[in-house]
Amino acid sequence: MASHSLALQHHFEDAEQQKDASTIGMWVFLLTEIMFFGGLFLAYFVYRQEYPAAFASASNKTNLLIGAFNTTVLICSSLTMALAVRCAALGKKNLLVLFLILTLLLGGAFLGVKAYEYHDKYVHHEIPGAHFDCEGCIDAGHTPLFFALYFGMTGLHASHMLIGFVLLVILIVRAQKGAFGPEYHTPVELFGLYWHFVDIVWIFLFPLLYLIDRSGVPK
Amino acid sequence: MITAPPIVEKPKNYLNVQSTLKSWLLTYDHKRIGILYLIAVTFFFAVGGFFAAMIRLELATPAGDLVESNVYNKLFTMHGIVMVFLFLIPSIPAVLGNFLLPLMIGAKDVAFPRLNLLSWYVYMTGGLFITYVLLTGGVDTGWTFYTPFSTSYSNGYVIAAGLGIFIAGFSSILTGLNFIVTIHRMRAPGLTWFRLPLFVWAHYATSMIQVLGTPVIAVTLFLLVLERGFHIGFFDPAYGGDPVLFQHLFWFYSHPAVYIMILPSMGVVTEIVSTFSSKKPYGYTFIAFSSIAIAVFGFLVWGHHLFVASQSVYAGMVFSILSYIVAIPSAIKVFNWTATMYKGSVRVTTPMLYAFGFIGLFTVGGLTGLFLSSMGMDVHLTDTYFVVAHFHYVMVGGAIMGFLGGIHYWWPKMTGKMYPDGWSKISAIIVFLGFNLTFFPQFLLGYMGMPRRYHVYPAEFQVLNVLSSAGASILALGYLIPFIYLFWSLKYGEDAGPNPWGSPGLEWQTSSPPPPDNFEVTPVVTEEAYTYKKQEVVQVG
């Protein structure tokens with residue numbers, strides 16, 4: 001198909017159709033992601049409804065300061081990602097690469113902090129299993145459920161961050177080679193959607209896991 | 001017959017444009033990917049059929065003389081897993097849908113050809129996991145994986161089987177996603193939504209379920225694997241969890257999954273009935289929206305699997321009523337197919353025989369579903385052979401009849417060859433008779449109280465069980481014959497020509513087999529689907 005530009009695949013009529021198709025595809029994919037996380041959120045709501053005291057006291061074991069710090073880091077990475085999309089649309093290649101690298105660094109910082117938190121949980125026997133021990137918790141028999149959900153939800157979230165990490169590296173390499181400009185930057189835009197989605201999941205996870213019953217009398 | 005116009009130089013088609021193995025395994029052509037899927041699902045159909053044969057063989061006598069109970073548990077589990085996840089779910093969408101959707105909407109390909117190929121590899125990876133489970137000793141939980149048996153007590157390979165289904169699920173998601181975008185953005189100029197063939201509407205509804213439902217079973221199996229593999233518990237009461245939550249999550253996908261199996265089949269039957277009645281389907285918009293309605297309501301009925309699982313009576317009533325409501329769009333389709341045939345010029349061809357079979361068997365399967373969705377009746381019938389008979393009437397009598405009908409209807413398009421008319425009609429009749437002999441006695445067995453999933457039973461049930469096993473062998477013969485003559489036709493079949501059935505559908509306006517890019521020039525659609533013109537009505541066979 002000689003008349004087509006390199007970025008246009010031959011089964012599309014024009015660039016607009018291709019971009020439209022990719023964008024709808026990404027939104028539908030995000031819909032599947034919502035349903036994917038939805039199962040875990042449902043489990044969370046069911047069990048928190050059933051065992052509120054166990055959830056409240058187990059939630060107090062999480063590190064609020066670190067969680068809040070990580071939330072900030074992630075929101076900043078969403079900002080740099082949004083700026084990257086804007087720069088791609090304006091054709092500012094160097095700024096695009098810079099913002100993508102910043103996003104990568106912030107995402108990496110988040111994952112590093114998360115790894116530290118997991119280690120901390122391991123040290124304090126807060127991973128469900130044979131060595132589980134929730135010291136001083138109310139309704140201790142049901143506290144493993146909280147931590148199972150904690151690891152299930154944040155683990156699934158972190159694995160999405162890892163996938164995003166890999167995709168970001170590919171984007172940075174392509175951006176450095178000048179693959180994106182005002183005419184064609186769909187991959188940057190769609191990755192932005194994905195990255196914001198992963199952020200939004202965290203925005204829900206943070207209060208659900210870290211902020212239960214923080215206002216009450218310390219137990 | 002339509003006489004083909006004289007061809008000076010035969011243009012290349014999608015089959016002979018390249019012939020290396022690599023050109024097949026790395027193809028982005030939706031037609032070739034459809035063929036890859038056809039080969040794979042046929043293989044897994046044979047595997048699942050083997051387990052069915054073993055089950056029926058064991059049940060020919062009341063005693064457990066062929067296999068022990070733990071082996072029997074594995075037989076019905078593997079039969080269910082292979083048939084549901086590796087055959088029924090991908091069968092029509094991934095084979096016929098893949099092949100036909102772009103042709104029907106006048107596109108060169110699906111929106112994401114690379115994702116399409118990826119979905120096949122993902123499916124095969126899932127299939128490999130399950131094959132590994134088969135070869136190393138199987139799994140005995142039933143295809144439903146109910147906890148805490150599956151996570152704490154089963155001796156089978158639950159994790160590998162769960163991962164296999166998890167992976168295969170993503171191929172289903174990718175197919176659904178691809179179809180949704182394709183239908184939205186790849187339609188030919190002039191092809192508005194209400195000019196689409198109803199097969200496309202059926203696949204649109206199916207894709208909605210695949211995209212919204214499959215992620216839920218994926219996350220459920222993810223939790224199952226965490227619980228069994230790492231003792232990070234969610235469902236086992238020993239970890240503080242609730243096993244009924246698993247059942248809710250499981251059926252939230254697995255009930256709509258039934259509609260993933262039956263909706264595409266309904267789309268196939270609509271096409272067949274219209275073509276061989278030479279009539280526009282009666283009530284086009286009703287059929288189109290009934291597909292959507294089935295997809296939407298299908299998501300709201302999962303609780304009828306939990307009538308006896310500690311669900312509250314109030315919730316049970318709501319789920320019961322919602323389950324009745326699904327019968328309405330299903331019945332609309334059955335009425336409209338018969339109304340389409342009424343005063344049409346009906347031609348009794350092989351695909352039409354399968355469509356007749358579908359309409360009759362699906363009606364029985366659907367109506368017996370109403371027995372099961374009424375709560376009082378269900379207490380008596382739950383976990384009996386009545387349930388087994390009901391869902392086999394829908395899945396085998398419905399989905400597989402539609403699949404075979406579709407294969408026979410579009411075989412000339414896919415291969416450019418005709419199969420022998422006599423043999424194909426005989427085998428269609430054998431399938432119908434064998435099917436009824438296999439599964440109708442099971443309604444009676446279940447009503448009399450024979451439970452499912454046991455390898456021994458009281459002697460008084462033997463006559464009906466022998467009838468059922470005899471029917472299964474006839475059914476197997478009915479499946480074997482098409483396998484032989486379809487292969488035979490590849491080499492010896494008559495050339496079909498572009499439009500052997502005289503259908504106005506877009507897919508019949510290109511040559512058979514179609515060229516790699518489907519159409520020489522992108523078609524422009526100027527009229528509604530199913531506009532039959534006098535000269536197109538021709539007799540075949």
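Focus on the overall build of chain B
For step 1, the next point in the chain: A count of helical and extended segments in chain B gives 15 helices and zero strands.
For step 2, the next point in the chain: Computed over its C-alpha atoms, the radius of gyration of chain B comes to 23 Å, within 12% of the 24 Å expected for a compact globule of 541 residues.
For step 3, the next point in the chain: By principal-axis analysis of the C-alpha atoms, chain B measures approximately 75 × 45 × 45 Å.
For step 4, the next point in the chain: Counting across all 541 residues of chain B, residues that qualify as buried make up 57%.

Points about the overall build of chain A
For step 1, the next point in the chain: Helix and strand content of chain A: six helices and zero strands.
For step 2, the next point in the chain: Listing each helix as α and each strand as β along chain A from the N terminus yields α-α-α-α-α-α.
For step 3, the next point in the chain: Dimensions of chain A along its principal axes, counting C-alpha atoms only, are 70 × 30 × 30 Å.
For step 4, the next point in the chain: Classification of the 219 residues of chain A by burial places 34% in the buried group.
For step 5, the next point in the chain: Counting contacts in chain A only where the partners sit at least 6 residues apart, residues at least 24 apart contribute 78% of the total.

Re helix α4 (residues 93-123) of chain A
Residues and elements named next belong to chain A.
For step 1, the next point in the chain: Between its first and last C-alpha, α4 extends 45 Å over 31 residues, near the 45 Å set by a 1.5 Å rise per residue.
For step 2, the next point in the chain: The set of residues buried in α4 consists of Leu96, Val97, Phe99, Leu100, Thr103, Leu106, Gly107 and Phe110.
For step 3, the next point in the chain: Against the buried residues of α4 lie α3 (64-90) and α5 (143-176).
For step 4, the next point in the chain: Downstream of α4 by one or two residues, His125 has phi in the positive range, about 55 degrees.

Regarding unusual backbone geometry
Residues and elements named next belong to chain B.
For step 1, the next point in the chain: Cis peptide bonds are those with omega within 30 degrees of zero, and the linkage from Thr147 to Pro148 qualifies with 0 degrees.
For step 2, the next point in the chain: Assignment of secondary structure puts Pro148 in the loop between α4 (113-136) and α5 (149-153).
For step 3, the next point in the chain: Pro513 follows Ser512 through a cis peptide bond whose omega is -15 degrees.
For step 4, the next point in the chain: Checked against the element boundaries, Pro513 lands in the segment after α15 (462-492).
For step 5, the next point in the chain: Even without glycine at this site, His231 takes up a positive phi of about 55 degrees.
For step 6, the next point in the chain: Within the secondary structure layout, His231 lies in the loop between α7 (198-230) and α8 (243-277).
For step 7, the next point in the chain: Residue His231 is classed as partly exposed on the basis of its 19 C-beta neighbours within 10 Å.
For step 8, the next point in the chain: The backbone of Tyr530 sits at a positive phi, close to 65 degrees, despite the residue not being glycine.
For step 9, the next point in the chain: With respect to the helices and strands, Tyr530 occurs in the segment after α15.

Section: the packing of α4 of chain B against helix α6 (residues 158-185) of chain B
All names here are of chain B.
For step 1, the next point in the chain: For the pair α4 and α6, interaxial distance at closest approach is 8 Å and the crossing angle is 160 degrees. As far as their axial angle goes, α6 and α4 are roughly antiparallel. Crossing geometry of α4 relative to α6 is assigned as left-handed.
For step 2, the next point in the chain: Of the residues contributing to the contact of α4 with α6, the split by class is 16 nonpolar, nine polar and no charged.

Re the interface of chain B and chain A
For step 1, the next point in the chain: Facing 31 residues of chain B, the contacting portion of chain A comprises 26 residues.
For step 2, the next point in the chain: Its residues assigned to classes, the side of chain B that touches chain A comprises 22 nonpolar, six polar and three charged.

Digging into helix α9 (residues 284-298) of chain B
Residue and element names in this part refer to chain B.
For step 1, the next point in the chain: Its 15 residues place the ends of α9 21 Å apart at the C-alpha level, agreeing with the 21 Å of an ideal helix rising 1.5 Å per residue.
For step 2, the next point in the chain: Within α9, the full set of buried residues consists of Tyr284, Ile287, Ala288, Ser290, Ser291, Ile294, Ala295, Phe297 and Gly298.
For step 3, the next point in the chain: Where α9 is buried, its residues contact α7, α8 and α10 (313-341).

Brief notes about the environment of Leu506 of chain B
For step 1, the next point in the chain: Take Leu506 of chain B: it is sitting in the segment after α15.
For step 2, the next point in the chain: In this structure, Leu506 of chain B is in contact with Leu103, Met104, Gly106 and Pro523 of chain B, ignoring residues within four places of it in sequence.

Examining the packing of helix α3 (residues 69-104) of chain B against α6 of chain B
The description of two helices packed together rests on the angle between their axes and the distance between the axes.
Residues and elements named next belong to chain B.
For step 1, the next point in the chain: In the contact formed by α3 and α6, the axes pass within 11 Å of each other and the chain directions differ by 20 degrees. When the axis of α3 is compared with that of α6, the two are roughly parallel. Seen along the crossing, α3 lies across α6 with a hand that is left-handed. For the pair formed by α3 and α6, the contact residues are Ile81, Phe85, Leu86, Ile89, Pro90, Pro93, Ala94, Gly97, Leu101 and Pro102 on the first element and Ala161, Ile165, Ala168, Ser172, Thr175, Phe179 and Thr182 on the second.
For step 2, the next point in the chain: Partitioning the contact of α3 with α6 into residue classes produces 13 nonpolar, four polar and no charged.

A word on the environment of Gly107 of chain A
Residue and element names in this part refer to chain A.
For step 1, the next point in the chain: Tracing the backbone through its elements, the reader meets Gly107 in helix α4.
For step 2, the next point in the chain: Judged by local crowding, Gly107 falls into the buried class, with 23 C-beta atoms found within 10 Å.
For step 3, the next point in the chain: Note: C-alpha distance between Gly107 and Ala158 (51 residues apart in sequence) is 9.9 Å.
For step 4, the next point in the chain: Beyond its immediate sequence surroundings of up to four residues, Gly107 is in contact with Ser77, Met161, Gly164, Phe165 and Leu168.

Definitions and cut-offs
Residues numbered from 1 in each chain as written. Chains lettered and ligands numbered in written order. Predicted model: local features only at pLDDT ≥ 70, side-chain atom pairs only at ≥ 80, totals over all residues. Helix = DSSP H or I, 4+ residues; strand = E, 2+ residues; numbered from the N terminus. Rg over C-alpha atoms; globule rule 2.2 N^0.38 Å. Buried ≥ 20, exposed ≤ 12 C-beta atoms within 10 Å, placed from the backbone. Contact = placed C-beta atoms within 7 Å. Expected span 1.5 Å × (residues − 1). Axes fitted to C-alpha atoms, helices over the stretch in contact; angles between N-to-C directions. Parallel < 35°, antiparallel > 145°, perpendicular 65-115°, else oblique. Left-handed = near helix turned anticlockwise from the far one by under 90°. Nonpolar A, V, L, I, M, F, W, Y, C, P; charged D, E, K, R; others polar.

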